[in-house]
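Remarks on the overall topology
What follows is each chain in one-letter form.
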Amino acid sequence: MTKTTAWYRKGAVLFLGGLLAASSLLFVGCGGGSSQSGSSSTPMTAEKAEDGRAKLSPYISATNQYNGKMVTFAFSIQPSLEDLRSGEKMTHISLPDFDILQKDLKDARQKSSGFDDVDKAADEVLAALKDLAPLATKMEGYYSAKTYLSDGYAQAEADRQQYLPLYDKFTAAYESFNSLVDKHNEDLQAAQLEAMKKAGKKNTALFLEIGLKASHIVDDLAKPTYDAAAVEQQLKDLESLNNALDSEEAKSYKRDMNSFIGEVREYLASGDDAKKFNDMVEEYNDTIDTANRMDTSKLDSQK
């Protein structure tokens, strides 16, 4: 089955507590030791995972903020981009929050992420934002003030020609950065999952496994083609894991995960409807927000 949209931004769970002290094992992003360029074949220790989660937290927070808004406001951002590409004269423009991402990444870069490839990719995103962020702010002001009525869209056209190459450069840099963060994130979560299984932390392990499987489902559906029957089987497996999660702390998370499963099935039944795809990713991100509000140290506490 062919997918009709590539409008896809996925969130991730943040660092919320002590892995060693309270088994608050959250898949924060890329894990591992410092100055690594990628995943290592050496098994990750709990100490390295804890250190990696703390270092990556600001980077995950920055991408969560940007990705979440891109999905939520796709209904207005995407048409504006299409109009810019076609040269359509507009009376309103909706652009991504480049200035907020720029600030968040500058703040994050005060310290290393612990991974050379993530640090390099973040710097490339910031380099792309140097000219793009102020231009976007200028363009939004132009349309808000309706200056096109007095200059006959002269500045709009000049800005459009400058914006599009800068935007394309940024998009390539951000996709690389976001993919690296996501890949390291899943490596860390898998390591933490194994650690929790060995420690007998049933609910924490289930929480991590549920997160991994849900993430993989969204990734599979974002590909150009996918196997609907295979995705449905993954959904059944995810439902079983979610039903097995037995903790008062996880009640809202379980409910939201079930809603995500429902949105996936709606998308599968829609014939690749772009809006349904966006709704599914938005529901996934809402579920991630719920996870970020949990006190995961309570998942395996005595009832």
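Our structure is the block above this text.
An account of the accompanying structure is given in this report. What you are looking at is a predicted structure, and each value in this text was computed from that prediction instead of being measured.

Analysis parameters
Residues numbered from 1 in each chain as written. Predicted model: local features only at pLDDT ≥ 70, side-chain atom pairs only at ≥ 80, totals over all residues. Heavy atoms only, no water. Helix = DSSP H or I, 4+ residues; strand = E, 2+ residues; numbered from the N terminus. Areas by Shrake-Rupley, 256 points an atom, 1.4 Å probe, with all protein chains shown as cover. Buried < 20%, exposed > 50% of the residue type's maximum accessible area, 1.4 Å probe, protein only. Contact = heavy atoms within 4.5 Å. Polar contact = N/O pair within 3.5 Å; in protein donor to acceptor, adjacent residues only side chain to side chain. Expected span 1.5 Å × (residues − 1). Axes fitted to C-alpha atoms, helices over the stretch in contact; angles between N-to-C directions. Parallel < 35°, antiparallel > 145°, perpendicular 65-115°, else oblique. Nonpolar A, V, L, I, M, F, W, Y, C, P; charged D, E, K, R; others polar. Salt bridge = Lys/Arg side-chain N within 4 Å of Asp/Glu carboxyl O. Core = buried A, V, L, I, M, F, W, Y, C linked by side-chain atoms within 4.5 Å. Phe/Tyr/Trp six-rings, centres within 6.5 Å; stacked < 30°, edge-to-face > 60°.

**Let's talk about the overall build of the chain**
Within the chain one finds eleven helices and zero strands. The N-to-C order of helical and strand elements in the chain reads α-α-α-α-α-α-α-α-α-α-α. Looking at the chain as shown, the accessible area adds up to about 13800 Å², and 51% of this sits on carbon and sulfur atoms.

**Topic: the environment of Arg 85**
Within the fold, Arg 85 resides in helix H3 (residues 74-86). Of the residues examined, Arg 85 reaches a relative accessible area of 42% and is grouped as partly exposed. In this structure, Arg 85 is in contact with Arg 160, Leu 164, Tyr 167 and Asp 168, ignoring residues within four places of it in sequence. In this structure the side chain of Arg 85 is engaged in a polar contact, spanning 2.6 Å, whose partner is the side chain of Asp 168.

**Side note on helix H11 (residues 274-292)**
Every α-helical turn comprises 3.6 residues, leaving residues that sit three or four positions apart pointing alike. In a regular helix each residue adds 1.5 Å, so 19 residues correspond to 27 Å; H11 covers 27 Å between its end C-alpha atoms and thus fits that length. Within H11, the full set of buried residues consists of Phe 277, Asn 278, Met 280, Val 281, Glu 283, Tyr 284, Asn 285, Thr 287, Ile 288, Thr 290, Ala 291 and Asn 292. The N-cap of H11, judged by a side-chain oxygen 3.1 Å from the amide nitrogen of Lys 275 a few residues on, is Asp 273.

**Re the packing of helix H10 (residues 251-269) against H11**
Put simply, H10 and H11 touch, their axes get as near as 9 Å, and they point 170° apart. By the angle class used here, H10 and H11 are roughly antiparallel. Counted together, Ser 252, Tyr 253, Asp 256, Met 257, Ser 259, Phe 260, Glu 263, Val 264, Glu 266 and Tyr 267 of H10 and Lys 276, Phe 277, Asp 279, Met 280, Glu 283, Tyr 284, Asp 286, Thr 287, Thr 290 and Ala 291 of H11 form the full contact between these two elements. When its residues are assigned to classes, the contact of H10 with H11 shows nine nonpolar, four polar and seven charged.

**A short note on the pattern of salt bridges**
Per the counting criterion, the structure on display carries 14 salt bridges. A salt bridge links Glu 157 to Arg 160; the shortest N-O distance between them is 3.0 Å. Here the residue Glu 157 and the residue Arg 160 both occupy positions in helix H7 (residues 154-198), the gap between them amounting to three residues, near one helical turn. With a relative accessible area of 30%, Glu 157 lands in the partly exposed category. Residue Lys 276 is joined to Glu 266 by a salt bridge in which the shortest nitrogen-to-oxygen separation is 2.9 Å. In this pair, Lys 276 is assigned in helix H11 and Glu 266 in helix H10, connecting sequence segments ten residues apart. Among the residues examined, Lys 276 registers a relative accessible area of 28% and is labelled partly exposed. Here the salt bridges do not stand alone but share partners, grouping Arg 109, Asp 119 and Asp 123 into one network.

**Structural notes on the side chain of His 184**
When you line up the elements, His 184 lands in helix H7. In terms of polar contacts, His 184 uses its side chain to reach the side chain of Asp 117, at 3.1 Å.

**A closer look at the nonpolar core**
Among soluble globular proteins, nonpolar side chains are generally buried collectively. Judged by nonpolar contacts, the single largest core of 43 residues is most densely connected at Phe 98, Leu 101, Val 125, Tyr 163, Phe 170 and Phe 177. Of all the secondary-structure elements, those providing two or more residues to this core are helix H2 (46-72), H3, helix H4 (98-108), helix H5 (116-144) and H7. It is H5 that provides the largest number of residues to this core, a total of 14 residues. Excluding anything up to four places from it in sequence, Phe 177 contacts Tyr 59, Thr 63, Leu 105, Val 118, Ala 121, Ala 122 and Val 125. Counting 30 residues, the second largest nonpolar core, distinct from the first, contains Leu 206, Leu 221, Val 281 and Ile 288.

**Things to note about the packing of aromatic side chains**
On inspection of all chains with the given rule, the structure shows 16 aromatic pairs. Judged by centre distance (6.2 Å) and plane angle (40°), the ring pair of Tyr 226 and Tyr 267 falls under tilted. Placement of Tyr 226 in the loop between helix H8 (202-222) and helix H9 (228-244) and of Tyr 267 in helix H10 is noted, with a sequence separation of 41 residues between them. For the pair shown, Tyr 226 and Tyr 267 are each scored as buried. What links up through ring pairs into an aromatic cluster is the set Tyr 66, Phe 98, Tyr 163, Tyr 167, Phe 170, Tyr 174 and Phe 177.

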